[in-house]
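Tertiary structure, described
Read off the chains here:
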Amino acid sequence: MNGLKEGVKAAWDNSLSPLFEEFSADVEVEVLDPSAPAIDPLYGEPLAEKEYLPPVIMKARVKMEHERLVKPGGEEIDTDGRMTLRTEELNAAGVVLDFSSLVTVSGRKYAVAHIETAAQVGEEHLLTKVWVKRRG
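An account of the accompanying structure is given in this report. (Residues numbered from 1 in each chain as written. Predicted model: local features only at pLDDT ≥ 70, side-chain atom pairs only at ≥ 80, totals over all residues. Heavy atoms only, no water.)

With that out of the way, let us pick up the pairing of strand β4 (residues 76-79). Here β4 shows a clear split, with I77 and T79 buried on one side and none of E76 and D78 buried on the other. Strand direction decides the pairing type here: strand β3 (residues 67-70) and β4, joined by four bridges, are antiparallel. In the strand pairing of β4, V70 is matched with E76. Linkage of β3 to β4, two consecutive antiparallel strands, is achieved through a turn of five residues, within which G74 is found at a positive phi near 100°. (Buried < 20%, exposed > 50% of the residue type's maximum accessible area, 1.4 Å probe, protein only. Helix = DSSP H or I, 4+ residues; strand = E, 2+ residues; numbered from the N terminus. Pairing = 2+ DSSP bridges.)

Structure follows, in structure tokens:
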């Protein structure tokens, strides 16, 4: 089984990941600055104005269209688009996405509404899918 995982990972590294890059767009990802204001222990939100780290430019497959997403628990949310990022690239940049993260696509800023991992090879997920909602 280990050989199969290595083969799939090699196919991803040598063929699929470069193809992903070719059909991707640049997006800016912003995450909260963990050294910024104190976090409310009950709500997990900053007690003062949110402060973000400088944006990180990443490659993502982007599809911006209104969509109703049904989450695993059955909750439905309306989203304005989705994107797929390489998990390895997120990790290398030190980007940990959460629901306070922001993504800028074609000059428009969006808030992260849902996150899923995908393309699992052994314990590793190759892709991270993110659904977003227009901010404001």
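Here the focus is unusual backbone geometry. The phi dihedral of S106 falls on the positive side, at around 50°, and the residue is not glycine. Locating S106 in the fold gives a position in the loop between β6 (102-105) and β7 (108-121). With a relative accessible area of 74%, S106 lands in the exposed category.

This structure, assessed with the given rule, holds eight salt bridges. For E67, the salt bridge identified is with R82, shortest N-O distance 2.6 Å. Note that E67 is positioned in strand β3 and R82 in strand β5 (residues 81-86), a separation of 15 residues in sequence. A salt bridge links E89 to R86; the nearest nitrogen and oxygen atoms lie 3.2 Å apart. Sharing partners across several salt bridges, the network here consists of R68, E76 and D78. (Salt bridge = Lys/Arg side-chain N within 4 Å of Asp/Glu carboxyl O.)

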